[in-house]
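Listed below, chain by chain, are the residues.
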Amino acid sequence: MSAGIDHVSIFGSKSLPSGWRAVTLEGLVADDGAFVDGDWVESKDQDPAGDVRLIQLADVGDGEYRNRSERFLTSQKAAELGCTFLEPGDLLVARMPDPLGRACIFPGDQKRSVTVVDVAIVRPRNPEVNARWLMYCINAPLFRRFVASLQSGSTRQRISRKNLAKIVFPLPPVDWQGEVVAEIEKQFSRLDEAVVTLKRVKANLRNLRASALNSACEGPWPSIEFGLLARDTLVGLDRGRDQQRSVGPGHRYVKMNNVSMDGEIQPEGIVYVDASSQEATRYALRSGDILFNTRNSVELVGKSALVPPELEGALYNNNLMRIRTTPEIDSAFLAMQMCTPAFRRQLEKVKRATTSVAAIYLKDLVRLPVIVPPVTEQCRIVAEVDRRLSIVRGVEAEVDANLMRAQALRQSVLACQLSVL
């Protein structure tokens, strides 16, 4: 085919090699194939006990079927809605981020399956098309740039199936497609092995972190109830999402998502809010305060972190409690101890959970035992643990950089092997 006025060509005006032809996703689908959107299935149409699985956007990875969701409907409802049932080998293309236009192959499911309207289904049924080559072609950087150029939407970017159908790309002979797929997957296999090794290193680093913290709090020291060491506790200021801004003016506002499981406050994502002068005084953080996450999911409630000097004067969310300590304990030592596996095991015993949220109340927290060495020993321990953890953080940063590099290399492999596009 030739690119018409409504089409955009990936290869521009370049002539194609002999045996190649210009196609669109719609044009390469055989008469018994399909190029359709998923189905409009609303919450009211779903049934947790249904015998038909509803594949979600979260299931569609970048070249990988993620199998994450658990949504269902009945066969009767699927028939009423006229749903398109998926077949193993169907190509699923996400029409919403992230990233926009990512594609994977549906491997099949124990239950009959349909998918949501923001996923396009490509079922070529065409002997000239290798489905895995087509998936890699759609996920390649050049194809993705054309997807981005055709996106629409003011708040949530998406690409329509009509616009997906506008992209003209070259289809090589099927034997050539197979050779490219084999080479891509050989390189991806090597990257997968490297990623497994990096993730193993990262898990070992987490163990080292836990070991460093635990060993610091072992010794023949007396323990005191938490409440006797906290001279000032205060739950934070309630400001809803509609009152938060990503940039100033206003007061910096630390939320529970800014407190990491590693006992640090991440500056990324700190927002700004308005507050009266009285509120700003009452809820202002000081360097050395401890923030404790009182409400969150069961897994995350109980996170805590020491406030660094750069957050002096910031305000904090009502899912966090500010703790200031007595002179008997160094706040850095207490914050460090609150991040140890031993202390977190104590927190597990006092968590109060509902179906959607868990809480740790002050009346339960104050009864927990805390080890209290002499203050000079506390300061020595904090300095030594900080030294060890700084080494761990440095290696973690290098591992994270290499994991990101591995992801970038995947795109480089696709770009290289599909460079004719």
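Just above sits the structure.
Keep in mind that this is a model prediction, so the values were computed, not measured.

Novice: For the sheet that holds strand E18 (residues 315-316), give the residues involved together with the corresponding values.
Specialist: Strand order in this open sheet of three strands is E14-E13-E18, and the pairing throughout is mixed. Each of the sheet's edge strands pairs with one partner strand only, and the pair in question is strand E14 (271-273) and E18. Judged from the two bridges that link them, strand E13 (residues 251-254) and E18 form a sheet pairing that is parallel. If you follow Tyr-253 over to E18, its bridge partner there is Leu-315.

Novice: Break down the nonpolar core for me, with residues and values.
Specialist: Formed by 41 residues in total, the largest nonpolar core has its most connected members in Leu-91, Trp-133, Leu-134 and Phe-169. Those elements giving two or more residues to this core turn out to be strand E6 (91-94), strand E7 (103-105), strand E9 (119-123), helix H2 (131-139), helix H3 (141-149), strand E10 (167-171), helix H5 (174-216) and helix H10 (375-417). Among all residues touching Trp-133, those that are not within four sequence positions of it are Phe-169, Pro-170, Leu-171, Pro-172, Trp-176, Gln-177, Val-180, Val-181 and Leu-418. Of all hydrophobic cores here, the second largest spans 33 residues; its members include Ala-212, Phe-226, Ala-230 and Val-370.

Novice: Could you give me a rundown of unusual backbone geometry, with the residues and numbers involved?
Specialist: A negative phi holds for most residues other than glycine; trans holds for most peptide bonds. With omega at 15°, the peptide bond leading from Pro-97 into Asp-98 counts as cis. Within the secondary structure layout, Asp-98 lies in the loop between E6 and E7. Cis geometry marks the peptide bond from Gly-248 to Pro-249, where omega comes out at 10°. The residue Asn-67 is not glycine, and still its phi comes out positive at about 55°. Looking at the element boundaries, Asn-67 is found in the loop between strand E4 (52-55) and strand E5 (72-73).

Calculation criteria
Residues numbered from 1 in each chain as written. Predicted model: local features only at pLDDT ≥ 70, side-chain atom pairs only at ≥ 80, totals over all residues. Heavy atoms only, no water. Pairing = 2+ DSSP bridges. Helix = DSSP H or I, 4+ residues; strand = E, 2+ residues; numbered from the N terminus. Core = buried A, V, L, I, M, F, W, Y, C linked by side-chain atoms within 4.5 Å. Buried < 20%, exposed > 50% of the residue type's maximum accessible area, 1.4 Å probe, protein only. Contact = heavy atoms within 4.5 Å.

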